[in-house]
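Coordinate analysis (summary)
For reference, the chains in residue letters:
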Amino acid sequence: GDSVTQMEGPVTLSEEAFLTINCTYTATGYPSLFWYVQYPGEGLQLLLKATKADDKGSNKGFEATYRKETTSFHLEKGSVQVSDSAVYFCALALYGGATNKLIFGTGTLLAVQP
Amino acid sequence: GAGVSQSPSNKVTEKGKDVELRCDPISGHTALYWYRQSLGQGLEFLIYFQGNSAPDKSGLPSDRFSAERTGGSVSTLTIQRTQQEDSAVYLCASSEQGAGVTEAFFGQGTRLTVV
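What this report covers is the structure whose coordinates are included nearby. Residue numbers run consecutively from 1 along every chain, following the written order of its sequence. Each chain takes a letter, starting from A, and each ligand takes a number, starting from 1, following the order in which they are written. Local features are withheld for residues below a pLDDT of 70 in this predicted model, meaning they are given only at 70 or higher, and side-chain atom pairs are given and counted only at 80 or more; totals for whole chains, interfaces and linings count all residues. Derived side-chain values reflect all non-hydrogen atoms in the structure, with water molecules and hydrogen atoms excluded from consideration.

1. Quick look at the overall build of chain B
- The secondary structure listing takes helices from DSSP runs of H or I that are at least 4 residues long and strands from runs of E that are at least 2 residues long, numbered from the N terminus. Helices and strands together make up the secondary structure of chain B, namely zero helices and 11 strands.
- The helix and strand sequence of chain B, counted from the amino end, reads β-β-β-β-β-β-β-β-β-β-β.
- Our radius of gyration looks at C-alpha atoms and nothing else; its globule reference is 2.2 Å times the residue count to the power 0.38. Relative to the 2.2 N^0.38 estimate, which gives 13 Å for 115 residues, the radius of gyration of chain B is 13 Å and therefore close to what a compact globule would have.
- Overall size of chain B, expressed as C-alpha extent along the three principal axes, is 40 × 25 × 25 Å.
- Split into buried and exposed, the 115 residues of chain B put 49% on the buried side.
- Residue contacts are counted whenever heavy atoms from the two residues lie within 4.5 Å of one another. Here the contacts in chain B between residues at least 6 apart in sequence split such that 54% fall between residues at least 24 apart.
- In short, Shrake-Rupley with a 1.4 Å probe defines the accessible areas, and a residue's cover is counted only from the protein chains shown. As presented, chain B carries roughly 5300 Å² of accessible surface, and 44% of it is formed by carbon and sulfur atoms. Exposure categories follow from relative accessible area, calculated using a 1.4 Å probe and restricted to protein chains: below 20% of the type maximum is buried, above 50% is exposed, and the middle band is partly exposed.

2. Quick notes on the side chain of Lys77 of chain A
Residues and elements named next belong to chain A.
- Relative to the assigned elements, Lys77 resides in strand S9 (residues 75-77).
- Separated by 3.4 Å, the side chain of Lys77 and the backbone oxygen of Lys60 make a polar contact.
- Among all residues touching Lys77, those that are not within four sequence positions of it are Ala17, Phe18, Leu19, Lys60, Gly61, Phe62 and Asp84. Within 3.5 Å is the distance limit for a polar contact, defined as a pair of N or O atoms, with the added protein rule that one can donate a hydrogen and the other accept it, and that residues adjacent in sequence qualify only through two side-chain atoms.

3. A word on the interface of chain B and chain A
- Contacts between the two partners involve 20 residues from chain B, matched on the other side by 21 residues from chain A.
- Any Lys or Arg side-chain nitrogen found within 4 Å of a carboxyl oxygen on Asp or Glu counts as a salt bridge. If you look at where chain B meets chain A, you find one salt bridge.
- Across the pair Asp56 of chain B and Lys101 of chain A runs a salt bridge, and its minimum N-O distance is 3.4 Å.
- Listed by contribution, the elements that provide at least two residues to the side of chain B that touches chain A are strand S4 (31-37), strand S5 (43-50), strand S6 (53-56) and strand S10 (104-106) of chain B.
- Asp, Glu, Lys and Arg are counted as charged, while Ala, Val, Leu, Ile, Met, Phe, Trp, Tyr, Cys and Pro are counted as nonpolar; the rest, among them Gly, fall into the polar class. Its residues assigned to classes, the side of chain B that touches chain A shows 10 nonpolar, eight polar and two charged.

Quick look at the structure:
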């Protein structure tokens, strides 16, 4: 079935370090791909998305490129800040048919130290 | 309200009791989702509504779980005869068309503790 696998955390980085959180997916169709973020004490919110192969989603300095050949959607940021500390979820959604549900990975906790 | 609203925010119940969790989606959003987030786990899909119908209820873990949506708006998730393994945060999300097409907005969740 359709699924998302992302690297386990926690990931601990110093401020201004480079961030990569790996995400790979398995899907029978052509999914849209998402990164959601959950800041401490807040609800889940969309960070970025890409709807087709080779698309790059970007927001708040974060980027992810939809790679169909490697079925991946890795999240990157060149210089993390303490305020980026949160749990990051990779997700896919298949449009059409009986369902439009989001399928999530298990989440990766990022802790950025000053 | 401006966002997805869930109530109660916290619920402690005794094993064997029934509970009802409520979700008020963003006005005009036709798609509504329920997810469960357990400690150390990802978000587990429970059920998807399009309008008042549920074309995908494949994630409901047992027949103790049910959900309904009325008037294309408010949804209620009911758990009967609660068990300790039901303890989790239950999240509701809504989307204008469907999560594969338009952004899904999540509520803050209901933290359910079964003692």
